[in-house]
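Below are the chains, spelled out letter by letter.
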Amino acid sequence: MIQTRCCSTTRPKARPRLMSRRPDEVLQYHAAESAATPEVAAFASDLVRGVLANREQLDAVLGEASEHWKVKQMAKVDRTILRIAVYELTIDKNVPPKAAINESIELAKTFSGDEAGRFVNGILGRVAAATA
(Lines give C-alpha, C1' and ligand atoms only; values in the text may rest on other atoms or scores of the structure.)
Protein backbone atom coordinates (compact mmCIF):
# COMPACT_ATOMS: atom_id res chain seq x y z
CA MET A 1 0.00 0.00 0.00
CA ILE A 2 1.29 3.46 -0.87
CA GLN A 3 1.58 5.89 1.99
CA THR A 4 1.68 9.64 1.73
CA ARG A 5 4.25 11.62 3.64
CA CYS A 6 1.66 12.75 6.17
CA CYS A 7 0.55 9.30 7.26
CA SER A 8 1.99 7.17 10.01
CA THR A 9 2.56 3.46 9.62
CA THR A 10 -0.75 2.70 11.35
CA ARG A 11 -2.89 4.62 8.83
CA PRO A 12 -3.07 2.02 6.06
CA LYS A 13 -4.89 -0.34 8.43
CA ALA A 14 -7.36 2.36 9.50
CA ARG A 15 -8.05 3.70 6.02
CA PRO A 16 -10.09 0.75 4.65
CA ARG A 17 -12.36 0.92 7.68
CA LEU A 18 -12.94 4.63 7.09
CA MET A 19 -13.87 4.07 3.47
CA SER A 20 -16.90 1.99 4.48
CA ARG A 21 -18.25 4.52 6.96
CA ARG A 22 -20.71 7.35 6.57
CA PRO A 23 -19.31 10.76 5.61
CA ASP A 24 -20.14 12.24 9.02
CA GLU A 25 -18.11 9.53 10.77
CA VAL A 26 -15.15 10.08 8.47
CA LEU A 27 -15.33 13.85 9.00
CA GLN A 28 -15.44 13.41 12.78
CA TYR A 29 -12.44 11.11 12.64
CA HIS A 30 -10.37 13.52 10.56
CA ALA A 31 -11.46 16.53 12.62
CA ALA A 32 -10.28 14.77 15.78
CA GLU A 33 -7.04 13.58 14.15
CA SER A 34 -6.14 17.06 12.93
CA ALA A 35 -7.44 18.87 16.04
CA ALA A 36 -9.75 20.97 13.85
CA THR A 37 -11.63 23.78 15.52
CA PRO A 38 -15.42 23.43 15.73
CA GLU A 39 -15.73 26.11 13.03
CA VAL A 40 -13.45 24.24 10.63
CA ALA A 41 -15.23 20.95 11.33
CA ALA A 42 -18.62 22.58 10.71
CA PHE A 43 -17.37 24.17 7.46
CA ALA A 44 -16.08 20.80 6.22
CA SER A 45 -19.30 19.05 7.21
CA ASP A 46 -21.47 21.64 5.44
CA LEU A 47 -19.30 21.38 2.34
CA VAL A 48 -19.44 17.58 2.19
CA ARG A 49 -23.18 17.46 2.87
CA GLY A 50 -23.83 20.14 0.27
CA VAL A 51 -21.80 18.37 -2.41
CA LEU A 52 -23.43 15.01 -1.69
CA ALA A 53 -26.94 16.47 -1.67
CA ASN A 54 -26.40 18.32 -4.97
CA ARG A 55 -24.19 15.86 -6.85
CA GLU A 56 -26.49 15.49 -9.88
CA GLN A 57 -26.84 19.26 -10.30
CA LEU A 58 -23.08 19.75 -9.88
CA ASP A 59 -22.32 17.05 -12.44
CA ALA A 60 -24.72 18.70 -14.90
CA VAL A 61 -22.86 22.00 -14.51
CA LEU A 62 -19.53 20.21 -14.94
CA GLY A 63 -20.79 18.41 -18.03
CA GLU A 64 -21.82 21.70 -19.62
CA ALA A 65 -18.50 23.37 -18.78
CA SER A 66 -16.35 20.50 -20.00
CA GLU A 67 -15.90 20.47 -23.76
CA HIS A 68 -14.19 17.13 -24.33
CA TRP A 69 -14.68 15.16 -21.12
CA LYS A 70 -17.69 13.42 -19.68
CA VAL A 71 -17.88 13.76 -15.92
CA LYS A 72 -17.51 10.00 -15.44
CA GLN A 73 -14.29 10.04 -17.50
CA MET A 74 -12.61 12.62 -15.27
CA ALA A 75 -10.07 11.39 -12.73
CA LYS A 76 -11.77 10.87 -9.35
CA VAL A 77 -9.57 13.40 -7.61
CA ASP A 78 -10.20 16.04 -10.28
CA ARG A 79 -13.93 15.32 -10.31
CA THR A 80 -14.15 15.62 -6.53
CA ILE A 81 -12.22 18.89 -6.47
CA LEU A 82 -14.40 20.25 -9.27
CA ARG A 83 -17.62 19.24 -7.51
CA ILE A 84 -16.55 21.05 -4.36
CA ALA A 85 -15.60 24.19 -6.27
CA VAL A 86 -18.76 24.18 -8.38
CA TYR A 87 -20.79 23.81 -5.19
CA GLU A 88 -19.00 26.83 -3.72
CA LEU A 89 -19.43 28.84 -6.93
CA THR A 90 -23.04 28.04 -7.78
CA ILE A 91 -24.88 27.00 -4.62
CA ASP A 92 -23.11 27.92 -1.38
CA LYS A 93 -21.62 31.24 -2.53
CA ASN A 94 -19.98 31.87 0.88
CA VAL A 95 -16.48 31.65 -0.57
CA PRO A 96 -15.26 34.35 -2.96
CA PRO A 97 -15.10 32.89 -6.49
CA LYS A 98 -11.41 33.70 -6.93
CA ALA A 99 -10.57 31.93 -3.67
CA ALA A 100 -12.62 28.85 -4.59
CA ILE A 101 -10.94 28.64 -7.99
CA ASN A 102 -7.41 29.24 -6.74
CA GLU A 103 -7.74 26.72 -3.90
CA SER A 104 -9.12 24.14 -6.33
CA ILE A 105 -6.24 24.67 -8.74
CA GLU A 106 -3.71 24.22 -5.93
CA LEU A 107 -5.46 21.07 -4.68
CA ALA A 108 -5.48 19.64 -8.20
CA LYS A 109 -1.80 20.41 -8.73
CA THR A 110 -0.90 18.90 -5.36
CA PHE A 111 -2.95 15.73 -5.58
CA SER A 112 -3.22 15.15 -9.33
CA GLY A 113 -0.41 17.08 -11.08
CA ASP A 114 0.23 20.28 -13.02
CA GLU A 115 -1.94 19.22 -15.96
CA ALA A 116 -4.84 18.72 -13.58
CA GLY A 117 -4.38 22.26 -12.30
CA ARG A 118 -4.76 23.60 -15.83
CA PHE A 119 -7.76 21.33 -16.46
CA VAL A 120 -9.49 22.48 -13.26
CA ASN A 121 -8.71 26.11 -14.05
CA GLY A 122 -10.26 25.83 -17.51
CA ILE A 123 -13.46 24.23 -16.33
CA LEU A 124 -13.91 26.51 -13.33
CA GLY A 125 -13.23 29.54 -15.51
CA ARG A 126 -16.16 28.53 -17.71
CA VAL A 127 -18.38 27.86 -14.70
CA ALA A 128 -17.52 31.22 -13.15
CA ALA A 129 -18.19 33.04 -16.43
CA ALA A 130 -21.56 31.30 -16.78
CA THR A 131 -22.62 32.17 -13.23
CA ALA A 132 -21.43 35.80 -13.25
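Shown above is the structure to which this text applies.
Residues numbered from 1 in each chain as written. Predicted model: local features only at pLDDT ≥ 70, side-chain atom pairs only at ≥ 80, totals over all residues. Heavy atoms only, no water.

**Some thoughts on the packing of aromatic side chains**
Formally: Here a Phe, Tyr or Trp ring, Trp counted by its six-membered ring, pairs with any other such ring whose centre lies within 6.5 Å, and the pair is stacked when the planes are under 30 degrees apart, edge-to-face when over 60, and tilted otherwise. Where helices and strands are cited, they refer to DSSP runs of H or I of at least four residues and of E of at least two residues respectively, numbered from the N terminus.
Inspection of every chain in the model, using the stated rule, returns one aromatic pair. Ring plane angle 70 degrees and centroid distance 5.9 Å describe the contact between Trp69 and Phe119, whose orientation is recorded as edge-to-face. Taken together, the residues Trp69 in the loop between α4 (55-65) and α5 (76-92) and Phe119 in helix α7 (residues 114-131) connect sequence positions 50 residues apart.

**Some words on α5**
Test applied: The buried label applies to any residue whose accessible area, calculated with a 1.4 Å probe on protein chains only, is under 20% of its type's maximum; exposed applies above 50%, and partly exposed to all values in between. In this analysis, two residues are considered to be in contact whenever any of their non-hydrogen atoms come within 4.5 Å of each other.
Those residues of α5 not exposed but buried are Asp78, Arg79, Ile81, Leu82, Arg83, Ala85, Val86, Tyr87, Glu88 and Leu89. Packing partners of the buried residues in α5 comprise α3 (38-53), α4, α6 (97-112) and α7.

**Details of the packing of α4 against α5**
Quick note on the threshold: Orientation is described by axes fitted as lines to C-alpha atoms, over the contacting stretch for helices, and by angles from 0 to 180 degrees between their N-to-C directions. Note that the term roughly parallel is reserved for angles under 35 degrees, roughly antiparallel for angles over 145, roughly perpendicular for angles of 65 to 115, and oblique for everything else. Under the scheme applied, nonpolar residues are Ala, Val, Leu, Ile, Met, Phe, Trp, Tyr, Cys and Pro; charged residues are Asp, Glu, Lys and Arg; polar residues are all the others, including Gly.
Running from N to C, α4 and α5 cross one another at 100 degrees; their axes reach a closest spacing of 9 Å. Considering the angle they form, α4 stands roughly perpendicular to α5. Every residue of α5 that contacts α4 at Arg55, Gln57, Leu58, Asp59, Val61 and Leu62 is listed here: Arg79, Leu82, Arg83, Val86, Tyr87, Thr90 and Ile91. Split by residue class, the contact of α4 with α5 holds seven nonpolar, two polar and four charged.

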